[in-house]
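# Inside the fold
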Amino acid sequence: MNNGTVRSPRAIYPGSFDPPTNGHLDVIVRASKIFSELIVAVVVNPQKREPMFGLDDRKEMIRACVAHLPNVRVEHFRGLLADFVQEKHADVIIKGLRVVSDFESEMSTALMNRSLSDVDTMFLMSDGKYSFVSSSIVKEVFFLGGDVGALVPDGVMKFMSRRRETLRSSTT
Ligand code: PNS
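Just so it is clear, the model here is predicted, and its values are computed rather than measured. Here the residue numbering is sequential within each chain, running from 1 through the sequence in written order. In view of the model being predicted, local features appear only for residues whose pLDDT reaches at least 70, and side-chain atom pairs are presented and counted only at 80 or more, with totals across whole chains, interfaces and linings using the full set of residues. Hydrogen atoms and water are omitted, and side-chain values are computed over all heavy atoms in the structure.

## What to know about the site of the ligand
- Close contacts around the ligand come from 13 residues, with Ser16, Gln47, Lys48, Gly79 and Leu81 the closest.
- At 3.3 Å from an oxygen atom of the ligand is found a side-chain nitrogen or oxygen belonging to glutamine 47.
- Two N or O atoms form a polar contact when they lie within 3.5 Å of each other; inside protein one atom must be a possible hydrogen donor and the other a possible acceptor, and for residues adjacent in sequence the pair counts only when both atoms belong to side chains. Within the backbone of leucine 81, a nitrogen or oxygen atom sits 2.8 Å from an oxygen atom of the ligand.
- Areas reported as accessible are Shrake-Rupley estimates using a 1.4 Å probe. Residue values count occlusion only from the protein chains shown. Notes on the ligand: free accessible area 550 Å², of which the protein chains cover 76%.
- A run of DSSP states H or I qualifies as a helix once it reaches four residues; a run of E qualifies as a strand once it reaches two. Both are numbered from the N-terminal end. Those elements that provide at least two residues to the shell around the ligand are β1 (10-15) and α4 (100-117). Any residue with a heavy atom positioned within 4 Å of a molecule or strand is treated as near that molecule or strand.

Here it is as structure tokens:
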């Protein structure tokens, strides 16, 4: 938290990024225009299920997507986001909202994070054209043979194709 000292605001955008989508990238670009420093924080162990990509791959995919944004860096954290936010002396947590229903769970998470770290969460809306895009839906459609090329950055598409080949060859 900024305790009265004037310095440029630092934001943290946390997530699983398994994989990063164009919706994530849209939020990153928007946040990078508002804040002097943006840390994209990749959670080591996503809560939902076993990730499709390991931590290094998820970080590498994001790094490739943000290479043109000099005030954005990619890090990782384990444990509580609130602890990471304090450790990094961040001023704000960024979360993306796609649809109104996202706000339901995000509101309690934001309040919990604020009670733990005294850091506020700011919500940015991704472009409406990404309102249906999530990492899980992208993975499901991709593995069932659907075209998700318009929903993820080109570099991510290459990682996904490679990962699918690895998974296929390990099951045959
Ligand atoms: O991309 P995701 O999976 O929606 O990101 C969820 C994430 C990583 C932001 C969330 O699970 C998280 O903050 N995990 C860290 C553990 C934590 O602090 N939990 C308490 C939140 S109230």
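## As for the sheet that holds strand β5 (residues 120-125)
- At least two DSSP bridges between two strands are needed for those strands to be called paired. Spatially, the 5 strands line up as an open sheet ordered β3-β2-β1-β4-β5, and their pairing is parallel. With one partner strand each, in any of the chains shown, β3 (72-77) and β5 form the two edges of the open sheet. Adjacent strand axes in the sheet meet at a mean angle of 35 degrees, parallel and antiparallel pairs treated alike.
- One ladder, built from 6 bridges, connects strand β4 (residues 92-97) with β5; its direction is parallel. Counted as the bridge partner of isoleucine 93 is threonine 121 from β5. Lines are fitted to the C-alpha atoms to define the axes, a helix being fitted only along its stretch in contact, and any angle between axes, read from their N-to-C directions, falls within 0 to 180 degrees.

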